[in-house]
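Examination of the molecular architecture
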Amino acid sequence: PFEWYREMRKNSPVYREGNMIHIFKYNTISKILSDHQNFSSQFRDLLGEEMAAMLNEKTTPSILLLDPPLHTTLRGLVGSAFTPRSIELFEPRIREIARMLAHAIVEKENSDIVSDLSYQLPIRVISEMLGVPESDSEIFRDWSDKLATSLGRGPDIETQYDMADYFYKKIDRNSKGNNLISRLSTVEMDGRKLSDKEIAGFAILLLVAGNETTTNLITNAILSLYDHPEIYNEMRKTPSLIPGVVEETLRYRSPVQSTRRYSKIDTEIEGEEILKNDILALYLGSANRDEEAFEDGESFNPYRKEKRHMAFGQGIHFCLGAPLARLEARIALEEFSKAVPGFEIEKPSPDDRIDSDIMYGFRKLNLKVNRS
Ligand code: HEM
């Protein structure tokens, strides 16, 4: 999509197509994301009532799709269960899983980096965080895959119901446990706790929002390192470069390319008339390559100083899972680069791209380990 973005930034940075307004520049997108009063995430207000009622039967709308004041309350509650500290505690376990996967890749010589590493790590980590026992991991994975494929195609209500029922049974209001469901069951702020529906809804959101995105981040990083073997060599000698590689991958090959808001008012954006209820498609992946925000934005440079990319969004909906995604990607690259001295990749064809306007990633990436 990157060529199209470049063209649009230059010629039509705010572009109307019916009631959809496509927006490509960093500063414009940044202003819209910071103005949640006028530009809403609460799309169920535009949905038919029947659909909204069905969705709301077993889960409440996820925080991703809520405006304040409910967004503020729920984000505070789940944020206090899913803290950067609770994520850090998981680091040794993440490393153990990543190391095992990296070693298996070296032993196999030829592997598909998606199925052997990038897909495996996030799903295993989140299952363990949620306290899903090994015996349920198969069914859990199946649900997670179904939810991922439903993205952009409308919600898969049946799977959401199945998952909600599964999590209802795990809720224990007196739990002293430390897994995420226990914590969500017991957090309290200003005398308010999360309801059963809210807990189930949040558990589902973690899978929808966190798995495929992190998978793509890891895959996209390895692809970018293949394009830049000099950086891979440097990174093996100096692992402190790895966080820079992760940030630059987020910017340069953003796993989430776009997000949406709708306008609650008649207004104008950069001279373009906007009507109430118009949908704004915000291309984060384009903002992240905007030359006005990033010098030499079309090249991959993990040493760059400006790091204010928008790969995790901006404002009140800033990705709650960013610390986890960064940690998983960093550890995956650390363990991968320790185990793999060098590698060749079969250049993916456009058909190998994930078929989505929102997600940027690959369904497979064949890799051969170089031993010397
Ligand atoms: C929100 C990207 C990983 C949980 C967001 C948003 C973006 C994003 C762009 C904001 C959407 C908007 O404003 O409309 C990413 C990327 C990831 C990633 C690129 C990986 C590389 C994760 C993980 C989790 C997670 C691992 C949790 C396990 C969430 C949640 C929100 C969110 C709960 C909603 C926050 C809110 O509405 O207040 N993410 N995400 N994400 N993300 Fe992530």
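Further up the page is the structure itself.
This text gives an overview of the structure that appears in the document. Computed from a predicted model, the values in this text were never measured in an experiment.

What follows deals with the overall build of the chain. For the chain, the helix and strand inventory stands at 16 helices and 12 strands. Rg of the C-alpha trace for the chain: 21 Å, near the compact-globule value of 21 Å for 372 residues, within the 12% margin. On the principal axes, the C-alpha backbone points of the chain span a range of 60 × 55 × 35 Å.

Let us look at the nonpolar core. Counting 84 residues, the largest nonpolar core has I29, A221 and A332 as its most contacted members. Take this core: its biggest share by element is 14 residues, from helix α12 (residues 196–227). When neighbours within four sequence positions are excluded, I29 is seen to be in contact with I23, L282, L284, A287 and M310.

A few words now on the pairing of strand β12 (residues 366–370). With 3 bridges connecting them, strand β4 (residues 110–112) and β12 associate as antiparallel partners. For N110, the partnering residue across the bridge sits in β12 and is K368. Relative to β12, strand β11 (residues 342–345) runs antiparallel, the two being bridged by 4 bridges. What sits directly across from F343, in β12, is V369.

A word on the packing of helix α6 (residues 91–108) against helix α16 (residues 322–339). Taken N-terminus to C-terminus, the directions of α6 and α16 make an angle of 40°; their axes are 8 Å apart at the nearest point. Overall, the two elements α6 and α16 adopt an arrangement that is oblique. Judged by the twist between their axes, the crossing of α6 over α16 is right-handed. Of the residues in α16, those touching α6 at E91, I94, R95, A98, R99, A102, H103, I105 and V106 are L327, E328, I331, A332, E335, F336 and A339.

Cut-offs used in this document
Residues numbered from 1 in each chain as written. Predicted model: local features only at pLDDT ≥ 70, side-chain atom pairs only at ≥ 80, totals over all residues. Helix = DSSP H or I, 4+ residues; strand = E, 2+ residues; numbered from the N terminus. Rg over C-alpha atoms; globule rule 2.2 N^0.38 Å. Core = buried A, V, L, I, M, F, W, Y, C linked by C-beta atoms within 7 Å. Buried ≥ 20, exposed ≤ 12 C-beta atoms within 10 Å, placed from the backbone. Contact = placed C-beta atoms within 7 Å. Pairing = 2+ DSSP bridges. Axes fitted to C-alpha atoms, helices over the stretch in contact; angles between N-to-C directions. Parallel < 35°, antiparallel > 145°, perpendicular 65-115°, else oblique. Left-handed = near helix turned anticlockwise from the far one by under 90°.

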